[in-house]
Amino acid sequence: MTYTAHDKNIHCTSIELADNYYQRVIRRFEPYTNIDLLHGDSGDLMPTFVNQMTESALFWLDGHYSGGSNAQGDIDTPVSAELSVILTSPCKTHVILIDDARRFDGSNGYPHPDNLHKTVQVQTNYCIEASTDIIRITPKN
Ligand SMILES: C[S@@+](CC[C@H](N)C(=O)[O-])C[C@H]1O[C@@H](n2cnc3c(N)ncnc32)[C@H](O)[C@@H]1O
């Protein structure tokens, strides 16, 4: 099944730190009332809506600095803060996909895979695996 921005039953929230990219997507998605576009650091902004969520959601975590005109927050990637918010939020049945598994080496804000696995498996009811450079965190039951 393919979902598109036209599916009004699907609510989407996206966060962008870079001013120029944010202005661009505001124009691009202006007709879509089911899409919320937030401007800022996702590590800071995610708690405001993730902790209010009562239904399962699909998270695509791919906000990070990668040179060029990409924004750079206080650290290269807010992924640890993002994950912490999702994993400790009231809803325990989200699905989390994280791009660029190869970057997770314990440097520049990317957790080492051993620590990531421990965090997910010991503290939560989620499973973790990686395939085709994407980390997949899914509910156990
Ligand atoms: C790899 S790109 C995302 C590409 C996007 N997923 C796509 O498929 O088109 C990373 C984006 O994250 C943004 N970014 C970097 N640090 C961020 C942060 N702390 N919070 C939110 N966005 C951030 C960058 O400006 C850049 O636009």
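In case you missed it, the structure is sitting above this.
What you see is a predicted model, and the numbers here were worked out from it, not measured in a lab. (Residues numbered from 1 in each chain as written. Predicted model: local features only at pLDDT ≥ 70, side-chain atom pairs only at ≥ 80, totals over all residues. Heavy atoms only, no water.)

**Q** Sorry if this is basic, but what is going on with the overall build of the protein here?
**A** Along the backbone of the protein there are four helices and six strands. Written out in order from the N terminus, the α and β elements of the protein read β-α-β-α-β-α-β-α-β-β. A compact globule built from 141 residues should have a C-alpha radius of gyration of about 14 Å, and the protein, at 15 Å, falls within 12% of that. Judged by the C-alpha coordinates and their principal axes, the protein covers about 40 × 35 × 30 Å. Put simply, the protein has 141 residues, and 31% of those count as buried. Residue pairs at least 24 apart in sequence account for 60% of intrachain contacts in the protein once pairs closer than 6 positions are excluded. Carbon and sulfur atoms make up 49% of the accessible area of the protein, which amounts to about 8700 Å² in all. (Helix = DSSP H or I, 4+ residues; strand = E, 2+ residues; numbered from the N terminus. Rg over C-alpha atoms; globule rule 2.2 N^0.38 Å. Buried < 20%, exposed > 50% of the residue type's maximum accessible area, 1.4 Å probe, protein only. Contact = heavy atoms within 4.5 Å. Areas by Shrake-Rupley, 256 points an atom, 1.4 Å probe, with all protein chains shown as cover.)

**Q** Looking at this model, I keep getting lost on the side chain of threonine 77. Mind explaining?
**A** If you trace the backbone, threonine 77 turns up in the loop between strand 3 (58–61) and helix 3 (79–88). Threonine 77 sits in the buried class, given a relative accessible area of 2%. Looking at threonine 77, its side chain comes within polar contact range of the main-chain nitrogen of valine 79, at 3.1 Å. Threonine 77 has contacts with Gly63, His64, Asn108, Gly109 and Tyr110, leaving out every residue within four places of it along the chain. (Polar contact = N/O pair within 3.5 Å; in protein donor to acceptor, adjacent residues only side chain to side chain.)

**Q** How should the nonpolar core be read in this particular structure?
**A** Side chains of a nonpolar character, in soluble globular proteins, are inclined to be buried together. Grouped together as the largest cluster of nonpolar side chains are 21 residues, with contacts concentrated most on Phe59, Leu61, Leu83, Ile96, Ile98, Ile135 and Ile137. For this core, the secondary structure elements donating two or more residues are helix 2 (42–50), strand 3, helix 3, strand 4 (95–99), helix 4 (113–123), strand 5 (126–131) and strand 6 (134–139). Considering every element that reaches this core, the biggest residue donor is helix 3, with five residues. Those residues within four positions of isoleucine 96 in sequence are excluded, and the remaining contacts are Phe59, Leu61, Leu83, Ile86, Leu87, Ile135, Arg136 and Ile137. (Core = buried A, V, L, I, M, F, W, Y, C linked by side-chain atoms within 4.5 Å.)

**Q** Can you help me understand the site of the ligand in this one?
**A** Close to the ligand lie 15 residues; Glu16, Ser42, Asp62, Asn70 and Ala71 are nearest. With respect to the ligand, the side chain of aspartate 62 contributes an N or O atom lying 2.8 Å from a nitrogen atom. Interatomic distance of 2.8 Å between a backbone N/O atom of alanine 71 and an oxygen atom of the ligand. Protein contacts shield 71% of the accessible area of the ligand, which totals 600 Å² for the unbound molecule. When its residues are assigned to classes, the shell around the ligand shows seven nonpolar, five polar and three charged. (Near = heavy atom within 4 Å. Nonpolar A, V, L, I, M, F, W, Y, C, P; charged D, E, K, R; others polar.)

**Q** Help me understand the state of the cysteines, please; the structure alone is not making it clear to me.
**A** Two cysteines, two sulfur atoms, one covalent bond between them: this is a disulfide. In total, this model carries zero disulfides according to the counting rule given. The cysteine cysteine 12 is free of any disulfide, with cysteine 91 supplying the nearest cysteine sulfur at 17 Å. Classification of cysteine 12 by relative accessible area gives partly exposed; the value is 34%. Unpaired in this structure, cysteine 127 has its nearest cysteine sulfur neighbour in cysteine 91, at a distance of 15 Å. For cysteine 127, a relative accessible area of 32% translates into the label partly exposed. (Disulfide = S-S within 2.5 Å.)

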